[in-house]
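Observations on the three-dimensional arrangement
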Amino acid sequence: MRQLLFTLRTAVSSPTRNARTATVLGRLLGALFLVCLLTGLYSHFLQEPAAWMRFPTRPTWLYQVSQGVHITAGIACIPLLLGKLWAVFPQLFQYPLVRHPVQLLERASIALFVASSLLQLVTGLLNTYQWYPWPFPFKQVHFALSFVIIGSLAVHIAVKLPLITRYWRARDSYDERGVFVEPDGALDPARAEHTATRELAALRGRQEARVASRRRPAPESPAPAPAARASTPAPGLRGLVGRVARWIDTAREGDGEPARVRVSRRGFLGAIGVATGGVVALTAGQSFAVLSPLNAFGPRQAGLGPNDLPINRTAAAAKVLETAMDPDWQLTVSNGSRSRAFTAADLEGMTQGDERLPISCVEGWSQTASWRGVRLVDLMALVGAPADARLKMTSLEERGGYRVMLMGPEYATDPATLVALELNGERLDIEHGYPARIIAPGRPGVLQTKWLSTIEVVR
Amino acid sequence: MTAPGVPASTGRGVRVARAVLVVVGVLLIALGGYVLTQTVRPNRYGGLLVWLIGSVIVHDAILAPLVAGVSLVVRRAGRRVRPAVLAIVQTAVVVGAILSIVVVPEIIAKARGTKNDTVLPFDYGARLGVMWLVIAVLTALVATAWVMLARRREARR
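With respect to the overall build of chain A
Looking only at helices and strands, chain A has 14 helices and 10 strands in total. Taking all 459 residues of chain A together, 43% fall into the buried category. Intrachain contacts of chain A at a sequence separation of at least 6 include 72% that bridge at least 24 residues.

Written out as structure tokens, the structure reads:
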């Protein structure tokens with residue numbers, strides 16, 4: 001077993017796979033995970049607010065940007081996570097598998113972290129393609145896993161903190177020739193972090209000594225003499241694998257040359273960097289208009305659809321093809337016992353407001369459009385709604401998770417919130433909510449209720 | 001007494017930071033578990049577990065060994081190739097492979113049918129092919145330029 005693990009570990013080792021590259025990719029990935037958590041929580045509470053919660057309605061593009069960042073950062077995590085896992089892959093074949101309680105905690109937290117991160121990215125990506133091949137609900141699991149991921153990330157950072165600080169800076173990680181400075185006992189990771197901290201302290205001490213003696217440059221020893229390696233002597237590779245490994249290693253005598261190692265390391269980080277830039281550049285156009293010309297692989301394209309705007313739920317799926325086209329359609333607005341009904345012609349005859357507001361989907365795509373319709377504040381004034389009123393709006397849809405929508409007073413009293421009748425200069429298409437839909441600044445698309453039927457004041 | 005090989009934290013700051021991180025981390029994991037029990041029906045846990053373990057197996061047992069194998073072969077095959085050119089080619093392959101990982105599920109999702117025409121509106125298969133072509137051309141250009149510059153540099157010496 002030990003021989004097998006050692007063989008595997010050696011076979012997959014490479015100069016690019018060291019604690020420094022793991023630190024470089026890990027801190028980027030950690031930052032992006034945190035961005036995804038915060039933007040995700042914002043989106044979650046917009047949709048399921050606690051009673052006391054109020055949200056900003058300005059800037060009107062706040063949710064458009066926060067959710068665009070959520071999806072784009074998640075996509076950027078895919079190459080970064082694969083690169084990070086590549087950098088630490090040899091650690092999978094440690095021997096013994098578990099040596100110490102801390103190491104058990106480490107391995108358990110990593111297993112949980114890797115599993116939940118991989119699943120989170122896979123399901124998140126496929127959700128933007130609206131493909132759900134798994135046997136569990138996406139939204140609930142995505143939400144629960146986000147805490148598990150950040151929690152196991154915190155444990156992982158705690159375990160690795162000495163190594164992370166040891167290799168935080170490039171100048172502490174490589175010697176003058178650019179060769180990685182191994183943590184002592186590299187083949188014995190349980191010990192590595194212990195020695196790494198000591199080494200860092202020694203390195204700091206040497207640097208300080210160097211600064212102190214800068215006036216009189218003394219002949220320095222190029223690298224610290226490696227202390228006695230771990231108690232396990234490195235067994236050579238035997239058998240077929242060993243032969244294959246030797247065949248590969250003898251291919252280039254200069255494989256261990258610092259210059260080659262440097263090129264290989266920079267090539268690796270460069271590849272991950274270009275891949276990250278590539279996936280972002282070629283998909284983020286669905287969320288950010290600036291990148292729209294590069295949008296080769298985004299699942300949505302701005303400007304495409306009825307009224308030049310993409311749609312999600314169709315009128316057919318919502319089963320409103322008949323009710324929405326009914327000439328007797330009325331919008332009922334009520335405040336307690338005061339109630340008024342408006343026909344489409346009534347609404348068209350009222351003072352119209354024009355707004356440029358984005359439709360921003362939780363799936364990340366968004367598009368800013370021109371809306372025209374009756375300002376909600378004008379409508380609510382006709383039934384004497386109070387300024388702190390919360391509203392309940394109902395769609396013509398017979399069923400569906402978003403048939404009934406609750407709206408906090410911050411949106412209800414915002415003059416930009418419209419009962420929209422026109423979109424991009426034309427009468428609202430039935431796919432976009434004909435005869436009337438709500439459009440409010442800074443809310444997710446699922447809360448911009450289409451095919452409006454009633455608006456009620458709730459207390 | 002500290003046993004040999006036991007990771008000993010140095011400094012109060014590191015000890016405190018690690019303790020805080022572990023406590024916060026464990027609490028967050030517990031919160032995630034609690035949220036899961038409150039929102040997902042127990043008969044779904046089995047499927048979730050299978051997918052969690054499956055994603056690790058797909059990566060650690062299939063994807064990673066495949067990449068390691070390819071890189072070993074490239075190391076052997078690349079004996080007459082300049083290291084920089086090797087790095088350029090490897091970058092191209094990595095970029096293409098990762099973009100393919102993102103786009104192939106998109107092709108499948110589109111083939112399975114979408115809710116309406118504005119979802120997945122492009123021909124992603126054709127676009128992926130064009131992308132590989134562009135990557136190949138760019139790689140050839142960059143590698144050729146690199147070799148020419150390097151030869152000129154060497155000739156000057």
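Next, the rest of the story.
A few points about the pairing of strand β2 (residues 338-343) of chain A
Residues and elements named next belong to chain A. As paired strands, strand β1 (residues 330-335) and β2 are joined by six bridges and run antiparallel to one another. Within β2, the position partnered with Val-333 by the bridge is Arg-340. Between the antiparallel neighbours β1 and β2 lie two residues, among them Gly-336 with a positive phi of about 60°.

What to know about the nonpolar core
Cys-77, Ile-78 and Val-279 of chain A together with Ile-98 and Val-102 of chain B are the most contacted members of the largest nonpolar core, which has 70 residues in total. If you list the elements that add at least two residues to this core, you get α2 (19-47), α3 (62-88), α4 (101-128), α5 (138-166) and α9 (258-283) of chain A together with α1 (12-39), α3 (83-111) and α4 (124-156) of chain B. In terms of residue count, α5 of chain A provides more of this core than any other element does, 15 residues in total. Excluding anything up to four places from it in sequence, Ile-78 of chain A contacts Leu-121 and Val-279 of chain A together with Ile-98, Ile-101 and Val-102 of chain B.

A closer look at the pairing of strand β10 (residues 452-458) of chain A
Residue and element names in this part refer to chain A. With three bridges connecting them, β1 and β10 associate as parallel partners. Residue pairing across strands places Ser-334 opposite Glu-456, the latter belonging to β10. Inspection of the sheet shows strand β5 (residues 390-395) paired to β10 by six bridges, in the antiparallel sense. Following the sheet pairing, Ser-395 is matched in β10 by Leu-452.

Considerations on the domain arrangement of chain A
Residue and element names in this part refer to chain A. Entries for chain A in the domain assignment read domain 1 (2-216 + 238-286) and domain 2 (306-458). Contact residues are listed per partner, giving 21 residues for domain 1 and 18 residues for domain 2. Going through the elements one at a time, α2, α3 and α4 are the ones with two or more residues in the side of domain 1 that touches domain 2. In terms of residue count, the dominant contributor to the side of domain 1 that touches domain 2 is α3 (seven residues). Counted by class, the side of domain 1 that touches domain 2 contains eight nonpolar, 11 polar and two charged residues.

Examining the domain arrangement of chain B
How big an interface is tends to be expressed through the accessible area that disappears when the partners come together. Segmentation of chain B into domains returns domain 1 (11-40), domain 2 (45-77) and domain 3 (79-157). When each unit is reduced to the centre of its C-alpha atoms, the spacing between domain 1 of chain B and domain 2 of chain B is 28 Å.

Structural notes on the packing of α3 of chain A against α4 of chain A
All names here are of chain A. Where α3 meets α4, the closest approach of the two axes is 10 Å, and the angle between their N-to-C directions is 140°. Comparing their axes, α4 and α3 come out oblique. Considering only the axes of α3 and α4, their crossing is left-handed. In contact with Ile-71, Gly-74, Ile-75, Cys-77, Ile-78, Leu-81 and Leu-85 of α3, α4 contributes Val-114, Ser-117, Leu-121, Gly-124, Leu-125 and Thr-128. Looking at side-chain class alone, the contact of α3 with α4 contains nine nonpolar, four polar and no charged residues.

Brief notes about unusual backbone geometry
Residues and elements named next belong to chain A. For the bond running from Arg-58 to Pro-59, omega is -5°, close enough to zero to count as cis. Take Pro-59: it is sitting in the loop between α2 and α3. Backbone geometry places Asp-308, a non-glycine residue, at a positive phi of 55°. Position of Asp-308 relative to the elements: it lies in the loop between α9 and α10 (315-318). On the basis of neighbour counts, which here come to 16 C-beta atoms within 10 Å, the residue Asp-308 falls in the partly exposed class.

A look at the environment of His-432 of chain A
Residue and element names in this part refer to chain A. Relative to the elements of secondary structure, His-432 occurs in the loop between β8 (426-427) and β9 (437-439). Between the C-alpha atom of His-432 and that of Leu-421, which follows or precedes it by 11 residues, the distance is 9.9 Å. Residues contacting His-432, with those up to four places away along its chain left out, are Pro-306, Asn-307, Leu-309, Ile-311, Leu-423, Arg-437 and Lys-450.

Describing the interface of chain B and chain A
The partner chain A presents 73 residues to the 64 residues of chain B that form the contact. Elements with a minimum of two residues in the side of chain B that touches chain A: α1, α2 (45-77), α3 and α4 of chain B. Class assignment of the residues belonging to the side of chain B that touches chain A gives a composition of 41 nonpolar, 13 polar and 10 charged.

Side note on α2 of chain B
Taking 1.5 Å per residue as the helical rise, α2 of chain B with its 33 residues ought to reach 48 Å, and the 46 Å between its terminal C-alpha atoms agrees with that figure. Leu-63 of chain B marks the point of greatest bend in α2 of chain B, at about 30°, and the proline Pro-65 of chain B comes within the next four residues. All buried positions along α2 of chain B are accounted for by Leu-52, Ser-55 and Ser-71 of chain B. In this structure, the buried residues of α2 of chain B make contact with α4 of chain A.

Description of the confidence of the model for chain A
Detail in the predicted coordinates should be disregarded across regions flagged by low pLDDT. Residues and elements named next belong to chain A. With 85% of its residues at a pLDDT of 70 or more, chain A shows a mean pLDDT of 86. Within the model, the stretch residues 185-190 combines pLDDT values under 50 with 18 contacts to residues more than four positions away or in other chains. For the stretch residues 215-235, pLDDT sits under 50, and the model shows 17 contacts to residues farther than four places along the chain or on other chains.

Observations regarding the sheet that holds β5 of chain A
By way of backbone hydrogen bonds, the strands of a sheet pair with one another, either parallel or antiparallel. All names here are of chain A. Judged by pairing direction, the sheet is mixed, and its five strands sit side by side in the order β2-β1-β10-β5-β6 without closing on themselves. Strands at the two margins of the open sheet, each flanked by one partner only, are β2 and β6 (404-407). Ignoring which end each strand starts from, the neighbouring axes of this sheet average 15° apart.

As for the environment of Ala-381 of chain A
All names here are of chain A. Within the fold, Ala-381 resides in helix α13 (residues 376-381). For Ala-381, a count of 10 C-beta atoms within 10 Å corresponds to the exposed category. Between the alpha carbons of Ala-381 and Gly-205 there is a distance of 73 Å; along the sequence they are 176 residues apart.

A few points about the packing of α2 of chain A against α5 of chain A
Helix packing geometry: the angle between the two helix axes and the distance between the axes. Residue and element names in this part refer to chain A. Contact geometry of α2 with α5 gives a least axis separation of 11 Å together with a crossing angle of 150°. Compared by their axis directions, α2 and α5 come out roughly antiparallel. Note on packing geometry: the crossing formed by α2 with α5 is left-handed. From α2, Ala-19, Thr-23, Gly-30, Phe-33, Leu-37, Gly-40 and His-44 reach across to α5, where they touch Phe-143, Ser-146, Ile-149, Ile-150, Leu-153, Leu-163 and Ile-164. Within the contact of α2 with α5, the residues separate by chemical class into nine nonpolar, five polar and no charged.

Topic: the confidence of the model for chain B
Residue and element names in this part refer to chain B. Looking at chain B as a whole, the pLDDT averages 88, with 92% of positions reaching at least 70. Predicted confidence for residues 1-9 stays below pLDDT 50, and this span has 12 contacts to residues more than four positions away or in other chains. The ipTM assigned to the predicted complex is 0.91, against a pTM of 0.87.

Rules and cut-offs
Residues numbered from 1 in each chain as written. Chains lettered and ligands numbered in written order. Predicted model: local features only at pLDDT ≥ 70, side-chain atom pairs only at ≥ 80, totals over all residues. Helix = DSSP H or I, 4+ residues; strand = E, 2+ residues; numbered from the N terminus. Buried ≥ 20, exposed ≤ 12 C-beta atoms within 10 Å, placed from the backbone. Contact = placed C-beta atoms within 7 Å. Pairing = 2+ DSSP bridges. Core = buried A, V, L, I, M, F, W, Y, C linked by C-beta atoms within 7 Å. Domains from an automatic or database assignment. Nonpolar A, V, L, I, M, F, W, Y, C, P; charged D, E, K, R; others polar. Axes fitted to C-alpha atoms, helices over the stretch in contact; angles between N-to-C directions. Parallel < 35°, antiparallel > 145°, perpendicular 65-115°, else oblique. Left-handed = near helix turned anticlockwise from the far one by under 90°. Expected span 1.5 Å × (residues − 1). Bend = angle between axes of the 7 residues up to and from the residue. pLDDT = per-residue confidence, 0-100.

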